[in-house]
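Okay, here's what each chain looks like letter by letter:
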Amino acid sequence: MKTKIEVDIESRRGNEKLKKWIIAVIILLFTVGCALNEGDSNLIPVEVIRVVDGDTVKIKVDGKEETVRLLLIDTPETVHPSKSVQPFGPEASSFTKELLTGKEIQLEMDIGERDKYGRLLAYIYVDGQMVNELLLKKGLARVAYVYEPNTKYVDDFYAIQKQAQQEEVGIWSIENYATDQGYKDEKAVIQENPKKDNEGTSNGCTIKGNINSKGEKIFHTEASPSYKVTKPEAMFCTEAEAIEAGYRAVNR
């Protein structure tokens, strides 16, 4: 049987452990709370004036108009002074306009605030979602312009891009179109795929059957965004004919 002194000692030890545990919990909650508050303070509310294209937005902050370039991504061109409209450029532009027009948005800056053209560099949030990520998920942008120190989310972005590539959505549905150096123009893609429009068109059939790098059979109609630059392995007169041959419609 334990003596009264032994019982008192154990009781005190138990109380000390309890106190230490309570203090540790309080410190943890305080630390998490500070981190959350700090994260919230990094988001800058701004007013959207106009969406220029898929990756560029005009905003007003503190009464001043600024141009924002979305960090670490690049969408196909629609308004470039020396380039024609590129495949999936209009889709990217429309997607960003639909997301941001008339909405309350927030900017998150990285380390470097501006590019050499004086544009703000930022991650844009709307309705709790990051627009940079959404464009990558939809296959409407590629990871690009990766320069230190603005690389906070680059690993996440590459993972999202890899998934879009595997699903062959958007820009990734066109073979050899999106590269590390940018987007190839239509003539360059056609030169790499010389049989593009020379197979099966004499009979008036216009649906192109293509086999992708994973061996999947996909058909493209003239309404498909990637139709012009798709290399046909077979041509079909109707969608039913293509499906019967084992082909599926291209992902939009």
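Analysis parameters
- Residues numbered from 1 in each chain as written.
- Predicted model: local features only at pLDDT ≥ 70, side-chain atom pairs only at ≥ 80, totals over all residues.
- Heavy atoms only, no water.
- Helix = DSSP H or I, 4+ residues; strand = E, 2+ residues; numbered from the N terminus.
- Buried < 20%, exposed > 50% of the residue type's maximum accessible area, 1.4 Å probe, protein only.
- Contact = heavy atoms within 4.5 Å.
- Areas by Shrake-Rupley, 256 points an atom, 1.4 Å probe, with all protein chains shown as cover.
- Expected span 1.5 Å × (residues − 1).
- Arc of directions from axis to C-beta.
- pLDDT = per-residue confidence, 0-100.
- Core = buried A, V, L, I, M, F, W, Y, C linked by side-chain atoms within 4.5 Å.
- Pairing = 2+ DSSP bridges.

1. Quick notes on the overall build of the chain
Looking only at helices and strands, the chain features 6 helices and 14 strands. Buried residues in the chain amount to 39% of all 252 residues. When contacts within the chain are restricted to residue pairs at least 6 apart in sequence, those whose partners lie at least 24 apart make up 60%. If you sum the accessible surface of the chain, you get close to 15200 Å²; carbon and sulfur atoms cover 53% of it.

2. Things to note about helix α2 (residues 89-100)
When the terminal C-alpha atoms of α2 are compared, their 17 Å separation across 12 residues agrees well with the 16 Å that a helix rising 1.5 Å per residue should span. Listed in full, the buried residues belonging to α2 are G89, A92, S93, F95, T96, L99 and L100. Along the axis of α2, the buried residues cluster in a sector spanning 160 degrees; they form a single face. Buried residues along α2 sit against β1 (43-53), β2 (56-61), β5 (104-114), β6 (120-126) and α3 (131-137). One or two steps after α2, the chain reaches G102, where phi turns positive at roughly 75 degrees.

3. A look at the confidence of the model for the chain
Here the chain shows a mean pLDDT of 83. Residues at 70 or above account for 76%. Below pLDDT 50 for its whole length, residues 31-39 participates in 0 contacts with residues either more than four positions away or in separate chains. For the stretch residues 194-202, pLDDT sits under 50, and the model shows 15 contacts to residues farther than four places along the chain or on other chains.

4. Some points on the nonpolar core
Core analysis: the biggest nonpolar cluster contains 46 residues, and I59, L100, I105, I124 and F157 have the highest contact counts within it. Of all the elements in the fold, those that place two or more residues in this core are β1, β2, β3 (64-70), α2, β5, β6, α3 and α4 (154-167). Core analysis: the second largest hydrophobic core is formed by 5 residues, I207, F219, F236 and Y247 among them.

5. Notes on the sheet that holds strand β13 (residues 234-236)
Ordered in space as β13-β11-β12-β14, the 4 strands form an open sheet in which the pairing is mixed. With one partner strand each, in any of the chains shown, β13 and β14 (248-249) form the two edges of the open sheet. Bridging between strand β11 (residues 207-211) and β13 involves 3 bridges; their strand directions are antiparallel. Paired with I207 across the two strands is F236, which belongs to β13.

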